[in-house]
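# Coordinate analysis (summary)
The residues making up each chain are set out below.
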Amino acid sequence: YRAANATVPTPGSGCYSAAGGPLEIGISNWADPVSSYAGDAWKELGLSQLNDLTSGSLIGNQYSPASIKAADQTRSTSKSSFLQYALDSGRNNIFLFKTTMAKRITFDGTKAKSVIASTGGTTFELRAKKEIILSAGVFQSPQLLMVSGVGPKATLDKFNIPVVKNLPGVGQNMQDHLFFAMVYKMNVITGASMLDPTFATAAEAEYNNHHTGILTNTGADYFAWEKVPSSFNLSSAARSDLASFPADWPNYEVVIADLPFAPGANYGQGIGMLNSQTARGSITISSTDTADSPLINTQTLATATDREVAVAAVKRMHALFATKSYKKIVVGDE
């Protein structure tokens with residue numbers, strides 16, 4: 001279904017389990033036209049194509065797989081895969097509490113005992129026979145730990161929370177995946193075409209009837225990772241900071257995407273993302289109630305090294321869209 005210039009190589013044999021599992025991974029049946037110029041553009045800049053993005057090697061560029069079902073191009077999420085698989089398995093030991101908020105974890109000494117939860121104004125307790133798995137995301141996991149008495153003692157004392165365990169690291173060392181984008185008008189089809197009612201209606205029919213067309217694409221499907229080229233004049237301090245990362249660790253990522261920016265014109269974009277952040281943010285609580293949002297300090301671009309790498313990534317994207325490959329479709333200035 002994909003255009004000939006958007007062929008995706010067969011991934012390495014070790015990328016996926018032969019037995020498979022509930023979560024499905026696939027490639028969109030429609031490649032973003034903006035992305036189809038990226039491989040040649042990166043080649044002009046000296047960055048090689050990878051066979052795939054799942055073999056463990058990242059320095060390079062290639063189309064990205066996505067969590068979509070190949071058969072019908074629908075999303076394969078944690079809910080539609082693992083959760084639904086479990087609910088449909090016939091097990092009688094799975095209970096799903098919808099629209100329910102965990103308020104705190106209770107402890108017997110330092111052993112987790114139960115979860116206090118609330119829904120519709122009713123508070124109840126879920127007791128554990130064996131263990132409690134806390135998986136509430138980057139922000140709510142440390143929040144739930146702290147309101148339950150696990151975290152920095154100074155924070156717990158501030159809110160008169162009895163200390164179960166003084167763990168100063170809870171909520172610390174957050175690495176923010178900062179991204180920044182630059183936009184160019186382009187003379188190929190992009191997500192902006194969906195702002196045309198006639199085009200959108202046809203696209204919906206194509207997706208529903210044939211599982212093809214623009215609606216099978218996530219809008220961002222071509223990825224590249226690299227280190228800051230040696231030709232860039234980074235400070236000695238920045239070079240030293242970046243040298244502390246593994247040899248195969250990229251400094252930044254560039255994603256090619258399209259943008260429904262405005263009707264009547266098509267826009268593509270490059271999205272730069274820092275991968276070797278040296279700044280560290282933090283998360284703390286604003287009250288003893290998980291219904292109140294935690295306080296998040298991302299420390300975005302707080303170090304000179306992060307700022308230097310971000311500038312290098314922007315310059316690199318400028319060079320990318322100035323290549324002979326992208327000049328074929330870029331219309332006008334950034």
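Look up: the structure comes first, before these words.
Residues numbered from 1 in each chain as written. Predicted model: local features only at pLDDT ≥ 70, side-chain atom pairs only at ≥ 80, totals over all residues. Heavy atoms only, no water.

Roughly 890 Å³ of volume is contained in the largest pocket. In this structure, the largest pocket is lined by 22 residues; those nearest its centre are Phe95, Phe97, Val115, Leu126 and Ile133. Of all the elements in the fold, those that place two or more residues in the lining of the largest pocket are strand 2 (101-108), strand 3 (111-119) and strand 4 (122-127). Val8, Pro9, Pro11, Tyr16 and Ile27 are the residues nearest the centre of the second largest pocket, which is lined by 16 residues in total. Of the residues in the lining of the second largest pocket, the class split is nine nonpolar, six polar and one charged. (1 Å grid on protein atoms, 1.4 Å probe; cavity = no way out; pocket = protein on both sides within 12 Å on 5 of 7 lines; lining within 4 Å. Points joined across faces, edges and corners; volume = space filled by probe spheres on them. Helix = DSSP H or I, 4+ residues; strand = E, 2+ residues; numbered from the N terminus. Nonpolar A, V, L, I, M, F, W, Y, C, P; charged D, E, K, R; others polar.)

On to unusual backbone geometry. In the Ramachandran plot, Thr99 falls in the positive-phi region, its phi being about 45° despite a non-glycine side chain. Of note, the phi angle at Asn160 is positive, near 55°, even though the residue is not glycine. Along the chain, Asn160 turns up in the loop between helix 4 (153-158) and strand 6 (165-166).

Their axes nearest at 9 Å, the elements helix 6 (residues 236-243) and helix 7 (residues 304-321) cross at an angle of 90°. Taken together, helix 6 and helix 7 sit at an angle that is classed as roughly perpendicular. In this structure, helix 6 contributes Ala237, Ala238, Asp241 and Leu242 to the contact, and helix 7 contributes Thr305, Glu308 and Val309. Here the contact of helix 6 with helix 7 is composed, by residue class, of four nonpolar, one polar and two charged. (Axes fitted to C-alpha atoms, helices over the stretch in contact; angles between N-to-C directions. Parallel < 35°, antiparallel > 145°, perpendicular 65-115°, else oblique. Contact = heavy atoms within 4.5 Å.)

In short, shape yes, function no, at least from these values alone.
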